[in-house]
Amino acid sequence: MRDNTADYRDIFLNDLPMMDMRAPVEFTKGAFPNAISLPLMTDIERQKVGTCYKQKGQQAAIELGHQLVSGKVKAERVEAWAAFARANPNGYLYCFRGGLRSQIVQQWLADAGIDYPRVIGGYKAMRTFLIETLDSAVAECDFVIVGGMTGTGKTEVIAALDNSIDLEGHANHRGSSFGKRATGQPAQIDFENRLAIDLLKRRARGQQQFVLEDESRLIGTCSLPLSLHQGMQDYPLVWLEDSVADRVERILRDYVIDLAAEFLAVHGEEQGFALFAARLLQSMDNIQKRLGGERHARLRAILAQALDEQARSGAVDLHRAWIEALLNEYYDPMYVYQRESKAARIEFAGEHDAVLAYLRDRASRSKA
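The structure displayed is predicted, hence computed values, not measured ones.

Would you take a moment to explain the packing of helix 15 (residues 293-313) against helix 16 (residues 319-341) for this structure?
Two quantities define a packed helix pair, namely the angle between the helix axes and the distance between the axes. Axis separation between helix 15 and helix 16 bottoms out at 8 Å; the angle between their running directions is 155°. Here helix 15 is positioned roughly antiparallel relative to helix 16, judged by the angle of their axes. Regarding helix 15 and helix 16, the two cross each other, and that crossing is left-handed. Touching R295, R298, L299, I302, L303, A306, L307 and Q310 of helix 15 are H319, A321, W322, A325, L326 and E329, all from helix 16. Considered class by class, the residues forming the contact of helix 15 with helix 16 number nine nonpolar, two polar and three charged.

Sorry, what's going on with the side chain of K342 here?
Relative to the helices and strands, K342 resides in the loop between helix 16 and strand 9 (346-350). Not counting residues up to four positions away in its chain, the partners in contact with K342 are D214 and L237.

I'm lost on the environment of D214 in this one. Help?
Its location among the elements puts D214 in the loop between strand 5 (209-213) and strand 6 (218-219). For the pair formed by D214 and A159, sequence separation is 55 residues and the distance between their alpha carbons is 14 Å. Not counting residues up to four positions away in its chain, the partners in contact with D214 are I145, V146, G147, M232, L237 and K342. Reaching out from D214, the side chain makes a polar contact with the side chain of K342 at a distance of 2.7 Å.

What counts as what
- Residues numbered from 1 in each chain as written.
- Predicted model: local features only at pLDDT ≥ 70, side-chain atom pairs only at ≥ 80, totals over all residues.
- Heavy atoms only, no water.
- Axes fitted to C-alpha atoms, helices over the stretch in contact; angles between N-to-C directions.
- Helix = DSSP H or I, 4+ residues; strand = E, 2+ residues; numbered from the N terminus.
- Parallel < 35°, antiparallel > 145°, perpendicular 65-115°, else oblique.
- Left-handed = near helix turned anticlockwise from the far one by under 90°.
- Contact = heavy atoms within 4.5 Å.
- Nonpolar A, V, L, I, M, F, W, Y, C, P; charged D, E, K, R; others polar.
- Polar contact = N/O pair within 3.5 Å; in protein donor to acceptor, adjacent residues only side chain to side chain.

Here it is in structure tokens:
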């Protein structure tokens, strides 16, 4: 039998498969990318055992747990664990603290003829390791931020660099008021775990300098870890520039053409377009207070007309009007102020190719 492990670094660097013995509600709140939920108890069973523990103590709670998970129920769960163990001979099992639940599952598997190791310290210890991984990266590594007006293609710069961390990718959100995607965002803990594992793997490959896109504390519903967000207020800044015409076309592609295609792929043609249109209109409504009543009503009417035409003929030309107006009247004045407030941190400014060349040169100089 392989030994139980506390080598969390090895688990995450090598994407080792894991089965999570915690209840489904615990898994939903936060887990790890290579873990699947195969709980010892359902949420209701866990609740009953917890109540029994409070009222009658540990021994009574353990006895109740064995009553609830017995017979056919137990046999089905053991078979599911055994199937995972056979399919993933290099994996591990874990519960919250690496205690009773994972030990019970380990014993029941052994009774079925399968020796399978568990993670010592369980979910809590692995989660602590990832929080410390992220905080140590923030403290020890060199970070540079890519900023710029809305639509300049900051995400494209991030995608083109070997040493970038895609915060919006991890959050499954484009970062702006219009940035919601057709698929949902991860739980906050899942977002943090993915980010920490990304940093861990990159540092293991020798990277010590990272490029991030300028973000507010919230990317949709995902909140940047506090240490990283605080660091981003002081990191040097590279400012990406582009013409208004190019920015309009980029926003049209990302937030209209590609987003519509995404909704259609996920939800089907008829329902997908209706959900896409509702999402764009809701995004406009979300900034109503900041736009002001008259401007919101005017831009929303243009957007609604553009969506009607897109639904009717597939043409997207009318969308350019609300996009350009939103840039000129709302986003650009905000970003002009931001650039002025961050001017002392800007170490380079230029268009796409110049910024990429600068950041690549900067990375190579840091290795020298």
